[in-house]
Amino acid sequence: MRAAVVVFPGSNCDRDLAVAFKAAGAEVEMVWHKDSALPQGIDIVGIPGGFSYGDYLRCGAIAAQSPIVKSVREHADRGGYVMGICNGFQVLTETGMLPGALLRNAGLKYICKTVGLKVETSNSDFTNGYNAGDVIDIPIAHHDGNYFADSETIARLQGEDRVAFTYTDNPNGAIADIAGILSDNRRVLGMMPHPERAADAGHGGTDGQALFRALAGALTTA
């Protein structure tokens, strides 16, 4: 598996994501936001958490206009894999690669803690290392993690089994407790919690490892 991790001004989880990919056996290249093209032969693009451009506009809105994002979108359109975590999820909604939007947390406060996530589907290369219904512990760290979409979109996501994760105890007001969703071809994942922060026992938990290992296994045998 070859992974590219995009770095924006304000990204602060880029190296964490790269380390998690490498631990799963991936070759990783860091890609600067002003680059106009992804490296050749990339299987998955990771868009990390942080505060791209200081969140000076809507979170992820400025990053969505960066030169590299056109190449990321083309990669996704060709059936390539993309994973956006936290700010990366916000970028994916701002580009339209995933539906909906991330709003301010219902309590209007930044939240940083480990939360319980329910795995809603194992039917994706991101989640097939879990069983549907599993509850895993994954950290969150966000101020704008309140997922919102209209009722028609929510019904479509649920009806098409595209809700990847939900919160067991909703920390931010997200509609239908949604913590992560999949694209219609199931190759783009956006999630607010940080699995890369739960991929090493030294960090206090390893429940995120299965995501990276499953993805690596799928892309290695593809």
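Structure report, in brief. Note that the coordinates shown come from a computational prediction; the quantities given were computed from them, not determined experimentally. (Residues numbered from 1 in each chain as written. Predicted model: local features only at pLDDT ≥ 70, side-chain atom pairs only at ≥ 80, totals over all residues. Heavy atoms only, no water.)

1. Concerning the overall build of the protein
Looking only at helices and strands, one finds five helices and eleven strands in the protein. Since a compact globule built from 222 residues should have a radius of gyration of about 17 Å, the 16 Å found for the protein is in line with a globular shape. Dimensions of the protein, computed from the C-alpha atoms along their principal axes, are close to 40 × 35 × 35 Å. Contacts spanning at least 24 positions in sequence make up 73% of the contacts within the protein whose residues lie at least 6 apart. Taken as a whole, the protein presents about 9,400 Å² of accessible surface, with 47% of it coming from carbon and sulfur. One way to put it: in the protein the 18 positive side-chain charges average out to a point 4 Å from where the 25 negative ones average out. (Helix = DSSP H or I, 4+ residues; strand = E, 2+ residues; numbered from the N terminus. Rg over C-alpha atoms; globule rule 2.2 N^0.38 Å. Contact = heavy atoms within 4.5 Å. Areas by Shrake-Rupley, 256 points an atom, 1.4 Å probe, with all protein chains shown as cover. Lys, Arg positive; Asp, Glu negative; His and termini not counted. Charge placed at Lys NZ, Arg CZ, Asp CG, Glu CD.)

2. Brief notes about the pattern of salt bridges
If you walk through the whole model with that rule in mind, you get eight salt bridges. Linking Arg-15 and Asp-14 is a salt bridge whose minimum nitrogen-to-oxygen distance equals 3.4 Å. A relative accessible area of 61% places Arg-15 in the exposed class. The residue Arg-186 makes a salt bridge to Asp-161 at a minimum N-O spacing of 3.5 Å. Taken together, the positions of Arg-186 in the loop between β10 (178-182) and β11 (188-191) and Asp-161 in the loop between α4 (151-159) and β9 (163-167) put the pair 25 residues apart, joining distant regions of the chain. One continuous salt-bridge network, built from bridges that share partners, spans Arg-2, Glu-27 and Glu-29. (Salt bridge = Lys/Arg side-chain N within 4 Å of Asp/Glu carboxyl O. Buried < 20%, exposed > 50% of the residue type's maximum accessible area, 1.4 Å probe, protein only.)

3. Quick word on the sheet that holds strand β3 (residues 44-47)
The strand order β2-β1-β3-β4-β11-β10-β9-β6-β7 describes an open sheet built from nine strands, whose pairing is mixed. Across the chains shown, the open sheet's two edge strands, defined by having one partner strand only, are β2 (27-32) and β7 (135-142). Each adjacent strand pair in this sheet contributes to an overall mean axis angle of 20 degrees, direction not counted. By the bridge criterion, three bridges tie strand β6 (residues 111-119) to β9 in an arrangement that is antiparallel. Residue Lys-118 lies in a different strand from β9, and its bridge partner there is Thr-166. (Pairing = 2+ DSSP bridges. Axes fitted to C-alpha atoms, helices over the stretch in contact; angles between N-to-C directions.)

4. Digging into the environment of Asp-125
Note that Asp-125 resides in the loop between β6 and β7. The spacing of Asp-125 and Arg-186 is 61 residues in sequence and 7.9 Å in space, taken between C-alpha atoms. A distance of 2.4 Å separates a polar atom in the side chain of Asp-125 from a polar atom in the side chain of Tyr-81. (Polar contact = N/O pair within 3.5 Å; in protein donor to acceptor, adjacent residues only side chain to side chain.)

5. Considering the side chain of Asp-144
One can find Asp-144 in the loop between β7 and β8 (146-148). In terms of polar contacts, Asp-144 uses its side chain to reach the side chain of Arg-104, at 3.1 Å. Not counting chain neighbours up to four residues away, the residues in contact with Asp-144 comprise Cys-59, Gln-90, Leu-102, Leu-103, Arg-104, Asn-105 and Met-192.

6. Here's the deal with the pairing of β3
Neither face of β3 is open: one carries Ile-44 and Gly-46, the other Val-45 and Ile-47, and all of them are buried. As judged from the three bridges shared by strand β1 (residues 2-7) and β3, these two strands associate in the parallel manner. Bridged to Ala-4 within β3 is Val-45. Taken together, the four bridges between β3 and strand β4 (residues 81-85) define a ladder with parallel strand orientation. Within the sheet, the bridge partner assigned to Ile-44 lies in β4 and is Tyr-81. A crossover connection joins β3 to the parallel β4 through helix α2 (residues 67-77); in handedness this β-α-β unit is right-handed. (Right-handed = clockwise from strand over helix to strand, strands pointing away.)

7. Observations concerning the pairing of β6
Two faces make up the sheet, and in a regular strand the side chains alternate between them. In this structure, β6 lies alongside β7, joined through eight bridges in antiparallel fashion. Residue Val-115 lies in a different strand from β7, and its bridge partner there is Ile-138.

8. A short note on unusual backbone geometry
The backbone of Asp-177 sits at a positive phi, close to 60 degrees, despite the residue not being glycine. Taking relative accessible area as the criterion, Asp-177 reaches 33% and is therefore assigned partly exposed.

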